[in-house]
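Examining the three-dimensional arrangement
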Amino acid sequence: MEHFAQLLHLSPAMAWMVVKLIIAFAAPLVLAAVLTWVERRGAAMIQDRIGPNRAAILGRWRLLGLVQLAADGIKFFLKEDLVTRDANKTLFWLAPFMAFVPAMMGFAVIPFGRSFVENGTAYHLSLLDPGNGMGMLYPMAIGSVAVYGILTASWSSNNKWSILGGMRSSAQMVSYEIGMSVAVLAIFMTTGGYDPHQIIAAQDSVLHWNVVRHFFGFLVFFTCMFAETNRLPFDFAEGESEIVAGFHTEYGSMKFALLQLSEYVHIVVASSLIVTLYFGGWQVPFVKDPAVLLSVLSFAGKVVFFCWVFIWIRWTLPRFRFDQLMFLGWKVMLPLSLANLLVHAYFMHRWG
Amino acid sequence: MAVVVKKVELNWVDRTYVIPVLKGMAITIGHFFRQIFTPSRKRFTVQYPDWKREPAPGFRGLHELKRFEDGSIKCVACFMCAEACPARCITIEADEFGDLNRLQGFAEKRPKNFQIDMLRCIYCGMCEEACPKDAIWLRSDYEQASYDRLGMLFGKWDLMNTYADKDGKARITQDPTPSVPRAPGKA
């Protein structure tokens, strides 16, 4: 590490920050890009179809449809950039970034590997070092900010269907955020800290994983993550059967791609949140002190698995009706997570 | 008319949603793995431009105007198909001619122009049924596309050559039987 820093004429801490920055930005982006392929291909497989396989390099190498990613990218960049006549142009341009940037930011605090010490310096594998004072509150807060992007997109495009989609998205966010936060609160309580490092350190064996101790909290959190990422069964912002395409009806070309990509980045971030909070983060099952690389691989494997679960559930469940969502959010999820919190509080009071 | 929505009573296991969702996920992942481990030839979908589908025996596709062995058209321009056609897509111009040939016997009429508007055709097979000479058949050709509307007007020669290559017949663009119009006044 220090040798590498000298090569770049940087201090080791600075070089390490740059490396972490690149990893923390590139990894979710690359995974999100691959997820678009996994989504289309996986959906096809689940529905007994074949999926994208026509795009080919030089008309020959199809690579199981992976070339489609490049084709999509080229197409999105070269498409005509339409803005509707009465749209609020500034906000219309701004909205995709407002959706994309918070989605990317959520990953900053999540440790994607074990911290290690080299030459007396501690290196942490998360963009923000532990002890930054924000802990897991930060991704929760940032995650809900992303709804502003959707609302802005829907408002600025001056389309009634879009506005409906945006309003539905915000209503959904309100009704799910509380249950989710209370579920996470129970974890903070039993762990005794809201720093992701503390939460991961507390889950040192499979039986101590929070999914075992907070099973109902996990159910609530997992469900709320679907609402947070705007995925089926809770993709009310873009219910194409009721409101055309929802908030991105008027969007085309790269702006649409950015909105779409932010959804996939959201999936990656949501999966890493689930992994960190409930599945032991970078902890490797049945290995006490994993090597750094092993811990990173373990984290990546878990995240990829949960990304797949997101896609898997999307193609299993139909969309909920809006009143069903409200019912679920206010009358099931919130009481359930509150009960979870109370039960844990009671047992903590009883047995310390 | 009011639609009566049937209320389904769920038991408490189903009302938790968790177990039914897991069941559903098991079904979908089963489909996923079944599709992955099926060789691509045996999958349900036909990858169309690469592999073509063999239509069922009764499939009614593009029309063919049958011809005799010597190449002359079987159609005698009786207008039966045009009359039977519910979509009114067949236009026939009759042509009288006098030279008898061996296979045609005593036929003295044939279509000068035989046009089917494929955009209107509904592939019902009525023309097939109506034809007394068995001259028009609907067969398995389902690939019909064109860049403009004119291209979907199939004329006499298009229809006579529909299956020429597939059946090993020669493509013809001229009627091999001489067409000498009957001289006026002669019986």
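So, how was this worked out
- Residues numbered from 1 in each chain as written.
- Chains lettered and ligands numbered in written order.
- Predicted model: local features only at pLDDT ≥ 70, side-chain atom pairs only at ≥ 80, totals over all residues.
- Heavy atoms only, no water.
- Helix = DSSP H or I, 4+ residues; strand = E, 2+ residues; numbered from the N terminus.
- Expected span 1.5 Å × (residues − 1).
- Buried < 20%, exposed > 50% of the residue type's maximum accessible area, 1.4 Å probe, protein only.
- Phe/Tyr/Trp six-rings, centres within 6.5 Å; stacked < 30°, edge-to-face > 60°.
- Lys NZ or Arg CZ within 6 Å of the ring centre and 35° of its normal.
- Salt bridge = Lys/Arg side-chain N within 4 Å of Asp/Glu carboxyl O.
- 1 Å grid on protein atoms, 1.4 Å probe; cavity = no way out; pocket = protein on both sides within 12 Å on 5 of 7 lines; lining within 4 Å.
- Points joined across faces, edges and corners; volume = space filled by probe spheres on them.
- Nonpolar A, V, L, I, M, F, W, Y, C, P; charged D, E, K, R; others polar.

A look at helix 9 (residues 215–228) of chain A
Residues and elements named next belong to chain A.
- Here helix 9 is 14 residues long and its end C-alpha atoms lie 20 Å apart, about the 20 Å a rise of 1.5 Å per residue gives.
- Burial analysis of helix 9 places twelve of its 14 residues in the buried class, the great majority of the element.
- For helix 9, every residue scored as buried is listed here: Gly217, Phe218, Leu219, Val220, Phe221, Phe222, Thr223, Cys224, Met225, Phe226, Ala227 and Glu228.
- Looking at the residues trailing helix 9, positive phi occurs at Asn230, about 60°.

A closer look at the packing of aromatic side chains
- As enumerated under the stated definition, the model contains 26 aromatic pairs over all chains in all.
- Judged by centre distance (5.3 Å) and plane angle (75°), the rings of Phe218 of chain A and Phe279 of chain A are edge-to-face. With a gap of 61 residues between them, Phe218 of chain A in helix 9 and Phe279 of chain A in the loop between helix 10 (253–278) and helix 11 (292–314) connect regions that are remote in the sequence. Just as Phe218 of chain A is buried, Phe279 of chain A falls in that class too.
- In this structure, Lys255 of chain A is placed above the aromatic ring of Trp93 of chain A, and the distance from its NZ or CZ to the ring centre is 4.2 Å.
- Residue placement shows Lys66 of chain B over the ring face of Trp137 of chain B; its charged tip is 3.8 Å from the ring centre.

A word on the pattern of salt bridges
- Under the counting rule described, the total for this entry stands at eleven salt bridges over all chains.
- Note that Arg314 of chain A is salt-bridged to Glu39 of chain A, the shortest N-O span being 3.6 Å. You can see Arg314 of chain A sitting in helix 11 and its partner Glu39 of chain A sitting in helix 2 (residues 12–46), a full 275 residues away along the chain. Grouping residues by exposure puts Arg314 of chain A and Glu39 of chain A together as buried.
- We note a salt bridge from Arg139 of chain B to Glu64 of chain B, for which the minimum N-O separation is 3.0 Å.

Section: empty space enclosed by the protein
Residues and elements named next belong to chain A.
- Within the structure shown, the criterion is met by four cavities of 30 Å³ or more.
- Each pocket or cavity is described by its volume, and for the largest cavity that value is around 130 Å³.
- Elements that contribute at least two residues to the lining of the largest cavity include exactly helix 5 (137–156), helix 6 (160–191) and helix 10.
- Across the lining of the largest cavity, the residue classes tally to seven nonpolar, six polar and three charged.
- One number sums up the size of the second largest cavity: a volume of about 80 Å³.
- Forming the boundary of the second largest cavity are 13 residues, of which Gly143, Glu228, His266, Val269 and Leu273 lie nearest the centre.
- Where the lining of the second largest cavity is concerned, the elements lending two or more residues are helix 4 (89–105), helix 5, helix 9 and helix 10.
- In terms of residue count, helix 10 provides more of the lining of the second largest cavity than any other element does, four residues in total.
- Here the lining of the second largest cavity is built from residues that sort into eight nonpolar, four polar and one charged.

Any functional reading would require information that these geometric values do not contain.
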